[in-house]
Amino acid sequence: MIKVPFRAVLISLVALVAIGGLVVPNLPTASPNGDSASGACTSSGISLVVDFGSDSKIQPVIRCVRGLDLSGWQILEQAALRVEGTSEYPKAFVCRINDWPSEIAEDCMGTPGLTGGSWVYFYSKPGNNGWHRSPVGAATRKPLCGEVEGWLFVNQITGDQKFTSPKIEPSPFSCK
(Lines give C-alpha, C1' and ligand atoms only; values in the text may rest on other atoms or scores of the structure.)
Protein backbone atom coordinates (compact mmCIF):
# COMPACT_ATOMS: atom_id res chain seq x y z
CA MET A 1 0.00 0.00 0.00
CA ILE A 2 1.33 3.40 -1.02
CA LYS A 3 0.92 6.14 1.58
CA VAL A 4 0.02 9.53 0.15
CA PRO A 5 0.44 12.51 2.46
CA PHE A 6 -2.86 14.12 3.50
CA ARG A 7 -1.61 17.53 2.41
CA ALA A 8 -0.96 16.29 -1.16
CA VAL A 9 -4.48 14.84 -1.36
CA LEU A 10 -5.98 18.08 -0.06
CA ILE A 11 -4.02 20.22 -2.54
CA SER A 12 -5.06 17.90 -5.39
CA LEU A 13 -8.74 18.18 -4.44
CA VAL A 14 -8.56 21.97 -4.26
CA ALA A 15 -6.89 22.03 -7.69
CA LEU A 16 -9.60 19.79 -9.17
CA VAL A 17 -12.36 22.02 -7.81
CA ALA A 18 -10.63 25.11 -9.21
CA ILE A 19 -10.16 23.51 -12.63
CA GLY A 20 -13.77 22.28 -12.61
CA GLY A 21 -14.96 25.84 -12.08
CA LEU A 22 -13.10 26.90 -15.21
CA VAL A 23 -14.24 23.99 -17.36
CA VAL A 24 -17.88 23.55 -16.33
CA PRO A 25 -20.18 26.28 -17.70
CA ASN A 26 -22.53 28.12 -15.39
CA LEU A 27 -25.44 25.82 -14.78
CA PRO A 28 -28.93 27.28 -15.20
CA THR A 29 -30.62 28.42 -12.04
CA ALA A 30 -34.07 27.74 -13.46
CA SER A 31 -35.76 24.80 -11.84
CA PRO A 32 -37.60 22.29 -14.02
CA ASN A 33 -40.76 22.81 -11.95
CA GLY A 34 -40.64 26.58 -12.33
CA ASP A 35 -40.59 29.28 -9.71
CA SER A 36 -43.25 31.66 -10.89
CA ALA A 37 -46.74 32.92 -10.22
CA SER A 38 -49.66 33.99 -12.39
CA GLY A 39 -49.80 37.64 -13.34
CA ALA A 40 -47.20 40.36 -13.72
CA CYS A 41 -44.65 41.12 -11.03
CA THR A 42 -45.30 44.18 -8.87
CA SER A 43 -42.36 44.49 -6.46
CA SER A 44 -39.67 41.98 -7.46
CA GLY A 45 -39.01 39.46 -10.20
CA ILE A 46 -39.20 39.52 -13.99
CA SER A 47 -42.56 39.61 -15.73
CA LEU A 48 -43.13 37.39 -18.74
CA VAL A 49 -45.78 37.93 -21.42
CA VAL A 50 -46.34 35.29 -24.12
CA ASP A 51 -48.78 36.33 -26.87
CA PHE A 52 -49.66 33.49 -29.24
CA GLY A 53 -50.67 35.91 -32.00
CA SER A 54 -53.80 36.96 -33.81
CA ASP A 55 -54.34 33.58 -35.53
CA SER A 56 -54.38 31.66 -32.25
CA LYS A 57 -57.27 31.17 -29.89
CA ILE A 58 -54.78 30.62 -27.04
CA GLN A 59 -54.97 33.31 -24.36
CA PRO A 60 -51.75 35.22 -23.57
CA VAL A 61 -49.70 33.92 -20.65
CA ILE A 62 -48.54 36.40 -18.01
CA ARG A 63 -46.19 35.16 -15.29
CA CYS A 64 -44.03 36.66 -12.57
CA VAL A 65 -40.74 34.77 -12.55
CA ARG A 66 -38.49 34.76 -9.53
CA GLY A 67 -34.78 34.17 -9.90
CA LEU A 68 -31.62 36.07 -10.60
CA ASP A 69 -29.19 35.91 -13.48
CA LEU A 70 -31.58 34.00 -15.75
CA SER A 71 -31.46 34.13 -19.52
CA GLY A 72 -34.63 34.75 -21.50
CA TRP A 73 -34.70 31.03 -22.30
CA GLN A 74 -34.42 30.09 -18.62
CA ILE A 75 -37.22 32.52 -17.79
CA LEU A 76 -39.53 30.62 -20.13
CA GLU A 77 -38.51 27.37 -18.42
CA GLN A 78 -38.83 28.91 -14.94
CA ALA A 79 -42.39 29.91 -15.85
CA ALA A 80 -43.08 26.20 -16.48
CA LEU A 81 -43.72 26.75 -20.21
CA ARG A 82 -42.75 24.13 -22.76
CA VAL A 83 -40.13 25.79 -24.94
CA GLU A 84 -38.55 24.10 -27.93
CA GLY A 85 -35.63 25.26 -30.02
CA THR A 86 -34.59 24.26 -33.49
CA SER A 87 -32.33 21.39 -34.46
CA GLU A 88 -29.67 23.99 -35.31
CA TYR A 89 -30.07 25.99 -32.09
CA PRO A 90 -31.79 23.73 -29.53
CA LYS A 91 -31.43 26.13 -26.57
CA ALA A 92 -30.99 29.44 -28.39
CA PHE A 93 -33.67 30.00 -31.05
CA VAL A 94 -37.27 29.68 -29.81
CA CYS A 95 -39.29 27.71 -32.33
CA ARG A 96 -42.26 26.62 -30.25
CA ILE A 97 -43.82 27.68 -26.92
CA ASN A 98 -46.46 25.46 -25.32
CA ASP A 99 -46.79 23.52 -28.58
CA TRP A 100 -47.44 26.67 -30.65
CA PRO A 101 -47.09 26.57 -33.60
CA SER A 102 -48.05 22.95 -34.07
CA GLU A 103 -45.58 20.37 -35.35
CA ILE A 104 -47.59 20.24 -38.57
CA ALA A 105 -47.15 23.99 -39.12
CA GLU A 106 -43.45 24.07 -38.12
CA ASP A 107 -41.12 21.09 -37.80
CA CYS A 108 -38.40 23.11 -36.00
CA MET A 109 -35.70 21.36 -38.00
CA GLY A 110 -34.26 24.70 -39.13
CA THR A 111 -34.72 28.33 -38.20
CA PRO A 112 -38.29 29.30 -39.13
CA GLY A 113 -38.62 32.01 -41.73
CA LEU A 114 -40.89 34.98 -41.18
CA THR A 115 -43.02 33.99 -44.17
CA GLY A 116 -44.23 30.91 -42.28
CA GLY A 117 -44.49 32.53 -38.87
CA SER A 118 -41.98 32.94 -36.07
CA TRP A 119 -41.65 33.95 -32.43
CA VAL A 120 -40.38 37.51 -31.95
CA TYR A 121 -38.63 38.47 -28.71
CA PHE A 122 -39.35 41.77 -26.94
CA TYR A 123 -38.39 43.46 -23.68
CA SER A 124 -39.33 46.50 -21.64
CA LYS A 125 -37.17 48.21 -19.02
CA PRO A 126 -38.03 50.77 -16.35
CA GLY A 127 -37.90 54.22 -17.95
CA ASN A 128 -38.47 52.85 -21.49
CA ASN A 129 -42.08 53.07 -22.54
CA GLY A 130 -43.59 50.17 -24.44
CA TRP A 131 -42.08 47.11 -26.06
CA HIS A 132 -38.68 47.00 -27.79
CA ARG A 133 -37.58 44.19 -30.07
CA SER A 134 -34.60 42.38 -28.56
CA PRO A 135 -31.39 42.68 -30.58
CA VAL A 136 -30.12 39.41 -29.05
CA GLY A 137 -31.57 35.96 -28.59
CA ALA A 138 -33.15 34.33 -25.56
CA ALA A 139 -29.99 32.42 -24.63
CA THR A 140 -27.98 35.65 -24.45
CA ARG A 141 -30.28 38.27 -22.91
CA LYS A 142 -30.35 38.40 -19.10
CA PRO A 143 -33.04 40.79 -17.88
CA LEU A 144 -32.81 42.53 -14.53
CA CYS A 145 -35.36 42.64 -11.73
CA GLY A 146 -38.39 44.72 -12.75
CA GLU A 147 -38.00 44.20 -16.49
CA VAL A 148 -40.62 42.56 -18.68
CA GLU A 149 -39.89 39.86 -21.25
CA GLY A 150 -42.30 39.53 -24.15
CA TRP A 151 -42.88 36.94 -26.86
CA LEU A 152 -45.23 37.30 -29.82
CA PHE A 153 -45.93 34.75 -32.52
CA VAL A 154 -46.05 36.67 -35.80
CA ASN A 155 -47.57 35.08 -38.89
CA GLN A 156 -46.21 35.58 -42.40
CA ILE A 157 -44.32 38.86 -42.27
CA THR A 158 -43.30 39.94 -45.75
CA GLY A 159 -41.83 43.01 -47.40
CA ASP A 160 -41.86 46.27 -45.47
CA GLN A 161 -44.34 45.19 -42.81
CA LYS A 162 -43.24 46.04 -39.29
CA PHE A 163 -43.45 43.76 -36.31
CA THR A 164 -46.35 44.38 -34.04
CA SER A 165 -45.80 43.85 -30.34
CA PRO A 166 -47.54 41.74 -27.70
CA LYS A 167 -51.06 43.04 -27.05
CA ILE A 168 -50.44 43.18 -23.28
CA GLU A 169 -48.82 46.49 -22.29
CA PRO A 170 -45.64 46.01 -20.23
CA SER A 171 -45.37 47.45 -16.72
CA PRO A 172 -41.68 47.50 -15.82
CA PHE A 173 -40.63 48.86 -12.44
CA SER A 174 -37.46 49.58 -10.48
CA CYS A 175 -36.55 47.00 -7.84
CA LYS A 176 -35.21 48.33 -4.58
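So, here's what we can say about the structure. Keep in mind it's a predicted model, so treat the numbers as computed, not measured.

Considered as a void within the structure, the largest pocket measures approximately 280 Å³ in volume. In terms of lining, the largest pocket is formed by 17 residues, of which the most central are Phe-93, Trp-119, Tyr-121, Gly-137 and Trp-151. Top element by residues in the lining of the largest pocket is strand β6 (residues 118-124). It accounts for four residues. In terms of residue class, the lining of the largest pocket is made up of 12 nonpolar, four polar and one charged.

So, on to the environment of Val-120. Inspection of the secondary structure assignment puts Val-120 in strand β6. Residue Val-120 is classed as buried on the basis of its relative accessible area of 3%.

A few words on the state of the cysteines. Taken as a whole and judged by the stated rule, the model has three disulfides. One disulfide in the model links Cys-41 with Cys-64; its S-S distance is 2.1 Å. Because the torsion about its S-S bond is 105°, the bridge between Cys-41 and Cys-64 counts as right-handed. Of the two residues, Cys-41 is situated in the loop between β1 (36-38) and β2 (46-51) and Cys-64 in strand β3 (residues 61-65); the sequence distance between them amounts to 23 residues. Here Cys-41 matches Cys-64 in class, with each residue buried. Each disulfide of the protein chain joins two cysteines, and with those cysteines numbered along the sequence the arrangement is 1-2, 3-4, 5-6.

Moving on, we come to the pairing of β2. Among the six residues in β2, six count as buried, and that is most of the element. Burial of β2 is two-sided: the residues Ile-46, Leu-48 and Val-50 facing one way and the residues Ser-47, Val-49 and Asp-51 facing the other way are all buried. Alignment of β2 against β3, held across five bridges, turns out to be antiparallel. Its bridge partner being in β3, Val-50 is matched across the sheet by Val-61. As defined by bridge partners, β2 adjoins strand β8 (residues 148-154) across five bridges and the pair is classed as parallel. Note that in β8 the partner of Leu-48 across the bridge is Glu-149.

The next point concerns the pattern of salt bridges. In the structure shown here, the tally under the stated rule is seven salt bridges. Linking Arg-96 and Glu-84 is a salt bridge whose minimum nitrogen-to-oxygen distance equals 3.0 Å. Here Arg-96 is found in strand β5 (residues 96-97), whereas its partner Glu-84 is found in strand β4 (residues 83-84), with 12 residues between them in sequence. When its relative accessible area of 2% is taken as the criterion, Arg-96 is described as buried. When its relative accessible area of 33% is taken as the criterion, Glu-84 is described as partly exposed. Each of the salt bridges in this network shares a partner with another, and the network as a whole consists of Arg-141, Glu-147 and Glu-149.

Reading the values: rules and limits
Residues numbered from 1 in each chain as written. Predicted model: local features only at pLDDT ≥ 70, side-chain atom pairs only at ≥ 80, totals over all residues. Heavy atoms only, no water. 1 Å grid on protein atoms, 1.4 Å probe; cavity = no way out; pocket = protein on both sides within 12 Å on 5 of 7 lines; lining within 4 Å. Points joined across faces, edges and corners; volume = space filled by probe spheres on them. Helix = DSSP H or I, 4+ residues; strand = E, 2+ residues; numbered from the N terminus. Nonpolar A, V, L, I, M, F, W, Y, C, P; charged D, E, K, R; others polar. Buried < 20%, exposed > 50% of the residue type's maximum accessible area, 1.4 Å probe, protein only. Disulfide = S-S within 2.5 Å. Pairing = 2+ DSSP bridges. Salt bridge = Lys/Arg side-chain N within 4 Å of Asp/Glu carboxyl O.

Spatial relationships are all this shows, so hold off on functional conclusions.
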